[in-house]
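Listed below are the residues making up each chain.
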Amino acid sequence: MSDKIEIDVKSAKIVIEQGDITKQATEAIVNAANSSLRGGGGVDGAIHRTGGPKIMEECRKIGGCPAGEAVITTGGNLKAKYVIHTVGPIWRSGKAGEEEILTRAYQNSLALAQKKGIRSLSFPSISTGAYGYPLREASKVAINTISAYLKSHRKIEKVVVVLFSDNDFQVYQETLKEMGLI
Ligand code: AR6
């Protein structure tokens, strides 16, 4: 079975693939950070480990980032020139505004990329690890938000969604089928 799916959205494309986001060569990669921007486990830990101390130096200067917002730093030693740090919601009941915060995390990351003139960026599956957001629901939010953004903005050419596990990739594939996109 293919481990990469491409969807055209107007003149841009969304690529969904299985892999490690720290290896992505898009201009920016997005980090699923926490509000303190002081690092952590999961994808956050992997990005700081691979990207080196310059990223944390800039995070310290920025000071923090509320849930749903996004900030940008150097990519340090990563292939990507920039890291966009966003903070997803911690899943509680699903009735505490989680969907709205997750939507804003994707939107604000895309808006920051657009503002910086970044043409390609990669997202991990925000909030679906330590923060506990159910993957199936989160995948719908991610795909809907990214495709809506690309439909109404022109500058970004490519958005890659990088799923760390085969299972996550399968769930995304099912969501794309349900949404009639593949
Ligand atoms: N490449 C792509 N995806 C990855 C990678 C990687 N190298 N490593 C993990 N993932 P999480 P969250 C996936 O927990 O739920 C941190 O401690 C992982 O399998 O990284 O938003 C922060 O500091 C999962 O599918 O982020 C925060 O405190 C997805 O990335 C907190 O975790 C997100 O899992 C944020 O939690």
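Residues numbered from 1 in each chain as written. Predicted model: local features only at pLDDT ≥ 70, side-chain atom pairs only at ≥ 80, totals over all residues. Heavy atoms only, no water.

Q: Help me understand the overall build of the chain in this model?
A: A tally of regular secondary structure across the chain gives 5 helices and 7 strands. Helices (α) and strands (β) of the chain occur, in sequence order from the N terminus, as β-β-β-α-α-β-β-α-β-α-β-α. A globule of 182 residues ought to have a C-alpha radius of gyration of about 16 Å, and the chain, at 15 Å, matches this closely. Burial statistics for the chain: of 182 residues in total, 51% are counted as buried. A sequence separation of at least 24 residues applies to 67% of the contacts in the chain between residues at least 6 apart. Summed over its atoms, the accessible surface of the chain is roughly 8700 Å², and 48% of this surface lies on carbon and sulfur atoms. The averaged location of the 19 negative side-chain charges in the chain is 6 Å from the averaged location of its 24 positive side-chain charges. (Helix = DSSP H or I, 4+ residues; strand = E, 2+ residues; numbered from the N terminus. Rg over C-alpha atoms; globule rule 2.2 N^0.38 Å. Buried < 20%, exposed > 50% of the residue type's maximum accessible area, 1.4 Å probe, protein only. Contact = heavy atoms within 4.5 Å. Areas by Shrake-Rupley, 256 points an atom, 1.4 Å probe, with all protein chains shown as cover. Lys, Arg positive; Asp, Glu negative; His and termini not counted. Charge placed at Lys NZ, Arg CZ, Asp CG, Glu CD.)

Q: Quick question: what am I supposed to make of helix α2 (residues 53-62) here?
A: In an α-helix, one turn spans 3.6 residues; hence positions three or four apart end up facing the same way. Within α2, burial applies to I55, M56 and C59. For α2, the buried positions fall inside an angular range of 95° around the axis, keeping them on one side. Across from the buried face of α2, at angles greater than 90 degrees, the exposed residues are P53, K54 and K61. In this fold, the buried residues of α2 make contact with α1 (42-51), β4 (70-74) and β5 (82-87). (Arc of directions from axis to C-beta.)

Q: What should I look at first to understand the sheet that holds strand β2 (residues 12-18) in this one?
A: Backbone-to-backbone hydrogen bonds join strands into a sheet, with any given pair of strands oriented parallel or antiparallel. Pairing within the open sheet is mixed, and its 7 strands lie in the order β1-β2-β7-β6-β3-β5-β4. Strands with a single pairing partner mark the edges of an open sheet, and in this sheet they are β1 (4-9) and β4. The mean angle between the axes of side-by-side strands here comes to 25°, regardless of whether they run parallel or antiparallel. Contacting β1, β2 and β7 (158-163), helix α5 (residues 166-178) runs over the sheet at an angle of about 140° to β2. (Pairing = 2+ DSSP bridges. Axes fitted to C-alpha atoms, helices over the stretch in contact; angles between N-to-C directions.)

Q: What exactly am I supposed to notice about the side chain of T145 here?
A: Turning to its location among the elements, T145 is positioned in helix α4 (residues 135-152). If we skip the residues at most four places from it in the chain, T145 touches T103, Y106, Q107 and L110.

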